[in-house]
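# Survey of secondary and tertiary structure
The primary structure of each chain is shown beneath.
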Amino acid sequence: EARADGVRPLMSTDSEALLAAGIGAAKNAFAQFMPTLGPNATIDKTICHQVGVAHKKLIFQTLGLDPAMDFSTFEFLGNTGSAALPVTAALAAERGHLQPGDLTAFMGIGSGVNVILLGVEWQTAPRETETTVRRVGPLVAEAPPIKNRV
């Protein structure tokens with residue numbers, strides 16, 4: 001399909017297939033991730049890379065997580081890509097969403113399709129202006145290729 005200026009699209013994406021593959025990869029990775037957090041671990045908060053409202057809703061529904069535990073910046077920053085997790089975590093900490101002792105899942109689901117999950121127990125450093133984290137468990141997983149790519 002050509003546009004009026006004569007430039008053709010460089011790629012096309014089957015967004016429904018990509019969404020399904022991302023959700024499937026997240027579900028599989030999350031099942032492997034939870035045991036790395038320790039026996040009977042319960043996630044208190046999430047910081048999630050947000051591609052869009054529909055994606056976020058389906059991810060939380062599929063993983064059985066309460067969306068209220070997430071601090072979202074998508075509504076006012078949009079899709080910030082690879083900067084989403086650190087920027088969202090900084091704002092969540094600044095605004096009091098993350099509290100000392102919160103077991104927080106950092107969740108990135110990318111268009112690759114790839115998934116990275118990191119569990120941290122949020123801590124406040126002795127000085128009130130500093131925040132530190134203790135890594136609990138990382139997991140990186142890749143989904144199989146999507147069939148029928150254009």
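Here the structure is shown first, and the text comes after it.
What comes next concerns the included structure. Positions within a chain are numbered from 1, following the residues in the order the chain's sequence is written. Per-residue local features are limited, in this predicted model, to residues with pLDDT of at least 70; the limit for side-chain atom pairs, both in listing and counting, is 80 or more; totals at the level of whole chains, interfaces and linings are taken over all residues. Processing note: side-chain calculations cover all non-hydrogen atoms of the structure and skip hydrogens and water entirely.

Let us look at the pairing of strand β1 (residues 45-48). The buried label applies to any residue whose accessible area, calculated with a 1.4 Å probe on protein chains only, is under 20% of its type's maximum; exposed applies above 50%, and partly exposed to all values in between. Strands here mean DSSP runs of E at least two residues long; helices mean DSSP runs of H or I at least four residues long; both are numbered from the N terminus. On β1, burial covers both faces: Lys45 and Ile47 on one face and Thr46 and Cys48 on the other are all buried. A strand pair is defined by DSSP finding two or more bridges across the two strands. The pairing of β1 with strand β2 (residues 103-110) spans four bridges and is classified as parallel. Following the sheet pairing, Ile47 is matched in β2 by Phe106.

Below, the discussion takes up the pattern of salt bridges. Whenever Lys or Arg places a side-chain nitrogen within 4 Å of a carboxyl oxygen from Asp or Glu, that contact is recorded as a salt bridge. Taken as a whole, this structure holds two salt bridges when the rule is applied. One salt bridge connects Asp102 with Lys45, and the closest N-O pair in it is separated by 2.8 Å. Here Asp102, found in the loop between α4 (84-94) and β2, pairs with Lys45, found in strand β1; they are 57 residues apart in sequence, far enough to count as distant. Each of the two residues, Asp102 as well as Lys45, counts as buried. Lys56 is the salt-bridge partner of Asp70, the closest N and O atoms lying 3.1 Å from each other. On the criterion of sequence distance, the pair formed by Asp70 in the loop between α2 (53-63) and α3 (74-77) and Lys56 in helix α2 is long-range, its members being 14 residues apart. Its relative accessible area of 8% is what places Asp70 among the buried residues.

With that settled, the discussion passes to the nonpolar core. Most often, soluble globular proteins have nonpolar side chains that are buried together. In terms of nonpolar packing, the biggest core is built from 23 residues, with Phe30 and Met107 touching the most fellow members. Elements supplying a minimum of two residues to this core: α1 (15-33), α2, β2 and β3 (114-124). Counting residues per element, this core draws most heavily on α1, which supplies eight residues. Contacts are assigned to residue pairs that have any heavy atoms within 4.5 Å of one another. Sequence-distant contacts of Phe30, that is, excluding residues within four places in its chain, are made with Ile43, Leu63, Leu65, Met107 and Leu117. Residues Leu85, Leu91, Phe106 and Val120 belong to the second largest nonpolar core, which totals ten residues. We call a set of buried residues a nonpolar core when its members are Ala, Val, Leu, Ile, Met, Phe, Trp, Tyr or Cys and they connect through side-chain atoms within 4.5 Å of each other.

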